[in-house]
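Working through the structure, step by step
Given next are the chains, with one letter for each unit.
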Amino acid sequence: MINEFHNEIEKIKGVFLEELKKIQSQESLKTLKDKYVSRKKGILTDLLKRLKDVPREEKPAAGKTVNKLKVLIESSITNKLEEIGSGEKLTRDYSLPGFDYPQGHPHLLSLIRSQIEDILLTMGYDIAYGPEIEQDYYNFTALNFQKDHPARDEQDTFFIDGLPETLLRTHTSPVQIRYMKDHKPPIKIISPGKVFRKDEPDATHTPVFHQVEGLLIDKGITFSHLRGTLELFIHSFFGDNVNLRFRPSYFPFTEPSAEVDISCFLCFGKDPNCRICKGGGWLEILGSGMVHPQVLKNCGIDPDVYSGFAFGMGIERIAMLKHEVRDLRMFYDNDLRFVTQFG
Ligand code: DAH
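Throughout what follows, the structure given in this document is the object of discussion. (Residues numbered from 1 in each chain as written. Predicted model: local features only at pLDDT ≥ 70, side-chain atom pairs only at ≥ 80, totals over all residues. Heavy atoms only, no water.)

1. As for unusual backbone geometry
Put simply, the test is: Helix numbering and strand numbering both begin at the N terminus, where a helix is a DSSP run of H or I of at least 4 residues and a strand a DSSP run of E of at least 2.
Residue P186 is bonded to the preceding P185 through a cis peptide linkage, with omega at 0°. In this structure, P256 follows E255 across a cis peptide bond, with omega equal to -5°. Looking at the secondary structure, you find P256 in strand 7 (residues 254-263). Of note in this structure, N144 is not a glycine but carries a positive phi near 80°. A positive phi angle, near 50°, is found at F268, a position not held by glycine. Summarising the element assignment, F268 is placed in the loop between strand 7 and strand 8 (282-291).

2. Quick look at the pairing of strand 4 (residues 187-196)
The condition is simple: Think of it in three bands: with a 1.4 Å probe and only protein chains considered, a residue is buried below 20% of the maximum accessible area for its type, exposed above 50%, and partly exposed in between. Two strands are counted as paired when DSSP detects at least two bridges linking them.
With 8 of its 10 residues buried, strand 4 lies for the most part within the structure. Bridge analysis of strand 1 (residues 126-127) against strand 4 gives 2 bridges, and the strand direction is parallel. When the sheet's bridge partners are listed, I127 is paired in strand 4 with I190. In the sheet, strand 4 pairs with strand 5 (residues 208-218) via 10 bridges, with the strands oriented antiparallel. By the bridge assignment, F196 is partnered in strand 5 with V208.

3. Description of the packing of helix 2 (residues 26-37) against helix 3 (residues 43-50)
So the rule is basically this: Where helices are involved, their axes are fitted lines through C-alpha atoms of the stretch in contact, as for all axes, and angles between N-to-C directions lie from 0 to 180°. Note on angle classes: values under 35 degrees are labelled roughly parallel, values over 145 roughly antiparallel, values of 65 to 115 roughly perpendicular, and the remainder oblique. Any two residues whose heavy atoms approach within 4.5 Å are treated as being in contact. We call Asp, Glu, Lys and Arg charged. Ala, Val, Leu, Ile, Met, Phe, Trp, Tyr, Cys and Pro are nonpolar, and the rest, Gly among them, are polar.
Interhelical geometry of helix 2 versus helix 3 gives an angle of 10° and a closest axis separation of 3 Å. With respect to their mutual orientation, helix 2 and helix 3 come out roughly parallel. Between helix 2 and helix 3, the contacting residues are K35, Y36 and V37 on the first element and I43, L44 and T45 on the second. Residues of the contact of helix 2 with helix 3, tallied by class, amount to 4 nonpolar, 1 polar and 1 charged.

4. As for the sheet that holds strand 8
Strands in a sheet are paired, the pairing made by backbone hydrogen bonds, and the direction either parallel or antiparallel. With mixed pairing, 7 strands are arranged side by side in an open sheet as 1-4-5-9-8-7-6. Looking at which strands have only one partner, the edges of the open sheet turn out to be strand 1 and strand 6 (244-251). On top of the sheet, helix 7 (residues 174-182) reaches strand 4, strand 5 and strand 9 (307-314); it is set at about 35° to strand 5, its chief contact.

Okay, structure coming up:
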């Protein structure tokens, strides 16, 4: 009896291994598995059931053999499954379209900043950078701000606690000072970057914004050089058909100083209800002037030999005008519905 049982098991094992060899898909492997190990009518299950008919003294040996077969069948099926699994990976169809990853692009402020930089780089300006955490000396004193100038007020400027005379720069003009102290004329730089003011956020104010500063120092530089430079810049940026207007103004570090307006590029002053200029016809775009002789002196440059001009503009303001952005805060909300419009 026991020999018959052992022979039968050997036979089953042989058949199983033959059948297993031919398996190539997960479905047929599952069918094979069912055939041998299914709880209801699997061959192995049947063998285990039949153990009860084996004479008592032969039971342990018979049980061992059945068990060995069980382990062999189960592990062979597991191995085969892995084999088929990896085989299927290799035969995947790589010509199918891949996943669609959305492509990013620079933020509108970065785009405007590089457009401004590109124009001025083409005009021969170098780019200079300065620190955002600045000394009072560079931000105010050397730029000819008097001790009691309102911009120095604690209500307007972020001072750094515990560090005397240290603040977040309120404009990019301190880079002028740093650069003039380090370099001999001729000087021709622009300086883009972040600036900080204690403003409550609203549609036209945020405590952080961006400026681009320009500075040119050489022998014989006059106001007409400033005018020509800004005309070329503005026409390159907004188009040849906009006009420029210089309005007398005041900055402590320039004399004379001028605020520059451009004619409204949407209505050219012809629409009293224009959504950009509100009918005024002019848009304020930047501050400028001839570098104050005292500022040159502060930087070790002789104002009897050299002269120069400077200008400064807000990147947000220019971006808002050009793209009709009505609320400054939208630049910083990171709402994709806004941000992705300017790819
Ligand atoms: N620093 C000025 C501001 O933040 C802008 C400015 C005006 C810069 C005139 C200049 C300039 O270089 O000449 O309001």
